[in-house]
Amino acid sequence: MGPKPTTREGEVEVFEDGGEAQKERETELVSLLGFREVREELFMRPHENAGDREMRASTLRAVVVLEALAFLVTLLGLWYIPNDGEYIIIFRVFYFPLLPLVAMLWLWGVNVQVWTQFRLNYLKVFEVEDRVILPCHEDVFKMAHIFSLIVLASSSFFLFCTLFGFEILAIRQAELLYLILIVLILLPGDWIFGKQRRFFVSTLTRIALPFWEVSFADFLLADVVTSLARPLADTAVVGCRITSSYLGLGLRKTSDVCNAHSWTYSAALALPYAWRLVQCVKIYSSRGERPQLANAVKYFTAFPVIYFSAMKYHSPREDWVGFYRPAWIACAVLNSGFSYYWDIARDWEFQLFSPGKGTVLRPDLVYENKKGYRLAILSNLVLRISWTCKLSAQLRHMYGLSLVL
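Remember, predicted model here, so these are calculated numbers, not experimental data. (Residues numbered from 1 in each chain as written. Predicted model: local features only at pLDDT ≥ 70, side-chain atom pairs only at ≥ 80, totals over all residues. Heavy atoms only, no water.)

**Things to note about unusual backbone geometry**
Positive phi outside glycine occurs at Ile-192, with the angle close to 55 degrees. Mapped onto the fold, Ile-192 is located in the loop between helix 8 (167-186) and helix 9 (194-208). (Helix = DSSP H or I, 4+ residues; strand = E, 2+ residues; numbered from the N terminus.)

Structure (structure tokens):
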């Protein structure tokens, strides 16, 4: 449960959360900052001033028109280029990993918008100093527009160049796209959401180098990264190919290392789960929360799925059919089942696996409509089973299902 407002001093709400240390941190931070607008933003309901950050109507229309035009050119290019051609495969390599990242930004904005409309102050679960940095839904939608426009412009230009015989230019500008995105994230200064970019980079650094105490932002971003393990591994392959080409490595060596059949790909796929496993162990060692050990086991069950799946490309066919494929199926069932149980019983605290409680849900529900909860339970089961696809290298050819997941 989140902290409850008890009194109001001027424009600032003071919260009672049962922890004196938290109150002292909030009081100290407010006194150090000393700005009325920052103090208000720390303790108000989530993003009440979001309306002040809306994109101008004329700017929004122009951005949407450009996005629609680039999207139309991309569709026409995909229509005219043969589906089994060399450059459509290159297009998939460069652009398919970015589609789930674009979708993640848009869905993140929708989540924040819904929470804000329902006045669910999700900001309270974050560290006090992080609350003023987290963007409102209007800012998230701006980020999504920027990202979408850059990716769509690049994809349409790639297909345009390919159709008119400028294949080398198409590939070079696709490589440039990844450099632009990296520079945009690491760009110094406060413009183009500088505070949010630095917060993202610092949080990602804490996840990758787990020498600090795990905050809620660290846990949440690491959890998101595990959901995006497949596109991030595909992005690592793209980065590997670009780096290898400019380092002058031979084509054969590049093909052996930078593809979805290599151990490099499997390692990139497993890395987010290793980060979450380390986080769970750190939380247990510092706070003594025993459920975190079971949570660590849940993330550990992803490693056998990744390993046995990769063995299809590193073992004789009879070994794959006779041992590795059955082992992969068994480990996939274990991973999906354990993850589903954890979602329902631990994360959502539903009573589906606790017979005798009288309900499959829980007594304290945020929304009145129980059909939505039951639909979430059912859809989560389907998704947990199908998410085996993202852990399995031999299913990478299923482009449509991969993008949906």
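**Some thoughts on a nonpolar patch on the surface**
Taken together, the side chains of Leu-72, Leu-76, Trp-79, Tyr-80, Phe-157, Phe-160, Leu-163, Phe-164, Phe-166 and Leu-169 make up a nonpolar region of the molecular surface, amounting to roughly 1,100 Å² of accessible area. Those elements giving two or more residues to the nonpolar patch turn out to be helix 3 (57-80) and helix 7 (137-163). It is helix 3 that provides the largest number of residues to the nonpolar patch, a total of four residues. In this structure, Phe-160 sits in helix 7. Exposure remark for Phe-160: the relative accessible area of 44% places this residue in the partly exposed category. (Patch = residues over 30% accessible without salt bridge, like charges linked within 9 Å, V, L, I, M, F, W, Y side chains within 5 Å. Areas by Shrake-Rupley, 256 points an atom, 1.4 Å probe, with all protein chains shown as cover. Salt bridge = Lys/Arg side-chain N within 4 Å of Asp/Glu carboxyl O. Buried < 20%, exposed > 50% of the residue type's maximum accessible area, 1.4 Å probe, protein only.)

**Describing the pattern of salt bridges**
A complete count under the given rule lists seven salt bridges for this structure. Salt-bridge contacts for Asp-139 lead to Lys-142; the nearest nitrogen and oxygen are separated by 3.9 Å. Residue Asp-139 and its partner Lys-142 are located together in helix 7, separated by three residues, close to a single helical turn. Comparing Asp-139 with Lys-142, the two get one shared label, buried. Among the salt bridges present, the one from Asp-223 reaches Arg-276, with a minimum N-O distance of 3.5 Å. Highlighted residues: Asp-223 in helix 10 (residues 216-227) and Arg-276 in helix 13 (residues 263-287), separated in sequence by 53 residues.

**So, the side chain of Asn-259**
Tracing the backbone shows Asn-259 in the loop between helix 12 (251-257) and helix 13. At a separation of 2.7 Å, a polar atom in the side chain of Asn-259 contacts the main-chain amide nitrogen of His-261. Sequence-distant contacts of Asn-259, defined by excluding residues within four places in its chain, comprise Val-237, Arg-241 and Tyr-265. (Polar contact = N/O pair within 3.5 Å; in protein donor to acceptor, adjacent residues only side chain to side chain. Contact = heavy atoms within 4.5 Å.)

**Quick look at the packing of helix 16 (residues 317-347) against helix 17 (residues 370-386)**
Between helix 16 and helix 17, the least distance of the axes is 9 Å, while the angle of their chain directions is 150 degrees. In terms of their interaxial angle, helix 16 and helix 17 are classed as roughly antiparallel. Like other packed secondary-structure pairs, helix 16 and helix 17 cross with a definite hand, here right-handed. Judged by residue contacts, Ser-336, Ser-339, Tyr-340, Asp-343 and Ile-344 of helix 16 engage Ile-377, Asn-380, Leu-381, Arg-384 and Ile-385 from helix 17. When grouped by side-chain class, the residues that make up the contact of helix 16 with helix 17 number five nonpolar, three polar and two charged. (Axes fitted to C-alpha atoms, helices over the stretch in contact; angles between N-to-C directions. Parallel < 35°, antiparallel > 145°, perpendicular 65-115°, else oblique. Left-handed = near helix turned anticlockwise from the far one by under 90°. Nonpolar A, V, L, I, M, F, W, Y, C, P; charged D, E, K, R; others polar.)

**Looking at the packing of helix 11 (residues 229-247) against helix 13**
In a packed pair of helices, the relevant descriptors are the angle between the two axes and the axis-to-axis distance. Interaxial distance between helix 11 and helix 13 falls to 8 Å at its minimum, and their mutual angle equals 140 degrees. Between helix 11 and helix 13, the interaxial angle falls into the category oblique. The two elements helix 11 and helix 13 cross, and the hand of that crossing is right-handed. Mapping the contact onto sequence places Ala-229, Arg-230, Ala-233, Asp-234, Ala-236 and Val-237 in helix 11 and Tyr-265, Ala-268, Leu-269, Pro-272 and Tyr-273 in helix 13. Grouping the constituent residues of the contact of helix 11 with helix 13 by class yields nine nonpolar, no polar and two charged.

**Some points on helix 8**
Here helix 8 spans 29 Å end to end across 20 residues, near enough to the 28 Å set by a 1.5 Å rise per residue. If you check which residues of helix 8 are buried, you get Ala-170, Ile-171, Gln-173, Ala-174, Glu-175, Leu-177, Tyr-178 and Leu-181. Against the buried residues of helix 8 lie helix 4 (86-95), helix 5 (98-117), helix 7 and helix 11. (Expected span 1.5 Å × (residues − 1).)

**Quick look at the packing of aromatic side chains**
Tallied over the full model, the rule gives 23 aromatic pairs. With 4.8 Å between their ring centres and 45 degrees between their planes, Phe-160 and Phe-164 make a pair best called tilted. Residue Phe-164 is classed as exposed on the basis of its relative accessible area of 55%. Among the aromatic residues, those joined into a ring-pair cluster are Trp-115, Tyr-122, Phe-126, Phe-216 and Phe-219. Note that Arg-346 overlies the ring of Trp-342, its terminal NZ or CZ placed 5.5 Å from the centroid. Sitting over the ring of Trp-387, Lys-390 keeps its end group 4.9 Å from the ring centre. (Phe/Tyr/Trp six-rings, centres within 6.5 Å; stacked < 30°, edge-to-face > 60°. Lys NZ or Arg CZ within 6 Å of the ring centre and 35° of its normal.)

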